[in-house]
Amino acid sequence: MKRILSLDGGGIRGVFSLEILLHMQGLLRLHYGSPGLVLADHFDFFAGTSTGAIIATCLCWSMQVEEILDLYVKYGETMFQPVPWYRPFKKILISRFDAKPLSEMLQRIFSEDGRGGVPSLLETKRLKKLLLVVVRNHTTGSAWPVTNNPLAKFSNPDRPDCNLKIPLWKLVRASTAAPVYFDPEEIMLGDRPQVFVDGSVTPYNNPALIAALTVVLPCYRVNWTPGPENIRVVSLGTLRFSSGLPKKVGKLWLGYNVSKIPAALIQGIAWEQDYLCRCLGECVYGEALDEEIDDLVGVRLPGDRWFSYVRYNQSYKTEIVEEMLRTDPRLAQLDAVRSIPLLRQIGKAYAQDHVKLEHLI
């Protein structure tokens with residue numbers, strides 16, 4: 001069986017996903033009797049968007065989950081460093097946070113010398129398995145699910161804009177360049193500069209479906225044999241908060257909608273991707289999608305199943321969210337670095353209750 005690990009975007013809430021991954025790593029180490037096992041020893045393909053792109057790339061780099069979690073805990077506040085007061089006013093209007101600390105961290109990690117002196121390219125052999133990073137090309141207005149597959153159309157070394165020549169750290173940084181939060185990332189493709197932003201503003205903030213399509217559709221040239229007995233997709237979210245707007249119509253003024261609607265759209269599209277995975281695949285495990293659909297575990301639709309599917313995420317209804325946000329008002333935000341202890345607690349409890357070895361093997 002081939003195995004895909006897919007990781008959603010969600011800013012610092014990636015800590016929730018990391019606690020689940022830590023539990024998964026522990027289960028697999030016990031099962032295989034290998035205390036040094038990393039998830040790159042078990043999974044064949046890692047896919048990530050935004051914060052999920054950081055985690056997926058680190059895992060594909062053969063890092064232990066503890067190391068990645070340590071990065072988030074130690075450098076969370078550094079990664080969300082407000083722009084300096086002396087920055088030109090026009091620049092301040094573009095983003096709230098300074099991208100330099102995050103860029104420097106990614107440059108240091110994803111380098112051939114381990115110090116940032118020799119940047120690794122997407123073709124680097126230090127990536128142990130297939131990797132997919134989702135970005136949005138702002139220059140062309142299109143979603144870019146970019147892989148290190150050497151057979152992919154845009155991996156041809158004869159192309160001046162060969163994707164494999166992109167510095168890996170720049171690709172990951174581009175996937176985290178959330179509009180308003182961080183500056184876009186400019187990447188040279190051949191002799192043309194192009195501007196990239198966060199993959200969460202594409203249909204693939206939850207990249208599970210595009211990852212599955214990448215391995216089964218002939219155009220992507222990976223060509224795994226489809227079927228639930230051949231491919232297992234394990235997909236991790238970063239908490240799902242109710243996007244309900246519990247305000248009276250007269251109070252839904254422009255400023256309120258501007259702050260709420262983008263998050264609601266991103267969340268709605270991610271939910272749809274999850275729903276489609278459960279319909280096109282054979283759902284092994286997942287929380288209820290809503291009160292009518294339920295979880296679709298064991299439901300057989302007409303036609304062949306392309307893969308088997310596991311979805312881990314914790315959803316909260318409006319009344320629970322309101323109580324949580326009274327305790328910790330920043331919890332639902334992408335930059336909720338002071339909520340890291342609570343996110344760890346939620347993730348650890350969720351993993352204990354929901355993650356099972358049979359979901360992984």
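Everything here concerns the structure above.
So, here's what we can say about the structure. Since this is a predicted model, take the numbers as computed values, not measurements. (Residues numbered from 1 in each chain as written. Predicted model: local features only at pLDDT ≥ 70, side-chain atom pairs only at ≥ 80, totals over all residues. Heavy atoms only, no water.)

## Details of the packing of helix α1 (residues 14–32) against helix α2 (residues 51–60)
As a packed pair, α1 and α2 sit with axes 9 Å apart at the nearest point and diverge in direction by 30 degrees. Judged on the interaxial angle alone, α2 and α1 are roughly parallel. When you trace α1 past α2, the crossing you get is right-handed. Here Gly14, Leu18 and Leu21 of α1 lie close against α2, whose contacting residues are Thr51, Ile55 and Leu59. Of the residues assigned to the contact of α1 with α2, the class counts are four nonpolar, two polar and no charged. (Axes fitted to C-alpha atoms, helices over the stretch in contact; angles between N-to-C directions. Helix = DSSP H or I, 4+ residues; strand = E, 2+ residues; numbered from the N terminus. Parallel < 35°, antiparallel > 145°, perpendicular 65-115°, else oblique. Left-handed = near helix turned anticlockwise from the far one by under 90°. Contact = heavy atoms within 4.5 Å. Nonpolar A, V, L, I, M, F, W, Y, C, P; charged D, E, K, R; others polar.)

## Regarding the pattern of salt bridges
Scanning the entire structure with this criterion turns up 14 salt bridges. One salt bridge connects Arg173 with Glu185, and the closest N-O pair in it is separated by 2.8 Å. Here Glu185 lies in strand β5 (residues 185–189) and Arg173 lies in helix α6 (residues 168–175), a separation of twelve residues in the sequence. Judged by its relative accessible area of 2%, Arg173 falls in the buried class. What makes Glu185 buried here is its relative accessible area of 7%. Among the ionic pairs, Glu282 bridges to Arg300, the shortest N-O distance being 3.1 Å. Taken together, the positions of Glu282 in strand β9 (residues 282–285) and Arg300 in the loop between β9 and β10 (308–312) put the pair 18 residues apart, joining distant regions of the chain. On the basis of relative accessibility, which here comes to 30%, the residue Glu282 falls in the partly exposed class. Given the relative accessible area of 52%, Arg300 is considered exposed. Within the structure, one salt-bridge network assembled from shared partners comprises Asp8, Asp274, Arg278 and Arg311. (Salt bridge = Lys/Arg side-chain N within 4 Å of Asp/Glu carboxyl O. Buried < 20%, exposed > 50% of the residue type's maximum accessible area, 1.4 Å probe, protein only.)

## Things to note about helix α5 (residues 100–109)
Where α5 is concerned, the buried positions are Pro101, Leu102, Ser103, Met105, Leu106 and Ile109. On its buried side, α5 packs onto α2, α3 (65–79) and α6.

## A closer look at the packing of aromatic side chains
On inspection of all chains with the given rule, the structure shows eleven aromatic pairs. Relative to Phe110, the ring of Trp61 has its centre 5.3 Å away and its plane inclined at 80 degrees; by these criteria the two rings are edge-to-face. Placement of the pair is Trp61 in the loop between α2 and α3 and Phe110 in the loop between α5 and β3 (130–137), with a sequence separation of 49 residues. The burial state of Trp61 is the same as that of Phe110; both residues are buried. Centre to centre, the rings of Phe97 and Tyr181 are 6.0 Å apart; their planes meet at 15 degrees, and the pair counts as stacked. With Phe97 in the loop between α4 (89–92) and α5 and Tyr181 in the loop between α6 and β5, this residue pair connects regions lying 84 residues apart in the sequence. Here Phe97 and Tyr181 have matching classes, each one buried. Three or more aromatic residues joined by ring pairs form one cluster here, namely Phe16, Tyr285, Tyr312 and Tyr350. (Phe/Tyr/Trp six-rings, centres within 6.5 Å; stacked < 30°, edge-to-face > 60°.)

## Considering α1
Within an α-helix, residues lying three or four positions from one another point in the same direction, as the helix has 3.6 residues per turn. Helix length check: α1 (19 residues) gives 27 Å between terminal C-alpha atoms against 27 Å at 1.5 Å per residue, within 8%. Where α1 ends, the next residue or the one after it, Gly33, has phi of about 65 degrees, a positive value. (Expected span 1.5 Å × (residues − 1).)

## A short note on the side chain of Ser120
Tracing the backbone shows Ser120 in the loop between α5 and β3. Judged by its relative accessible area of 0%, Ser120 is buried. A distance of 2.4 Å separates the side chain of Ser120 from the side chain of Glu112, its partner in a polar contact. (Polar contact = N/O pair within 3.5 Å; in protein donor to acceptor, adjacent residues only side chain to side chain.)

## Some points on the pairing of β3
Across the eight residues that make up β3, a large majority, seven, are buried. Here strand β2 (residues 45–49) runs beside β3; their pairing, made up of five bridges, is parallel. In the strand pairing of β3, Gly48 is matched with Val133. With six bridges connecting them, β3 and strand β4 (residues 142–147) associate as antiparallel partners. (Pairing = 2+ DSSP bridges.)

## Points about the environment of Thr49
Tracing the sequence through the fold places Thr49 in strand β2. Assessed through its relative accessible area of 0%, Thr49 is described here as buried. It is 5.7 Å that separates the C-alpha atoms of Thr49 and Asp8, two residues lying 41 residues apart in sequence. Of note is the side chain of Thr49, whose polar atom sits 2.6 Å from the backbone oxygen of Tyr204.

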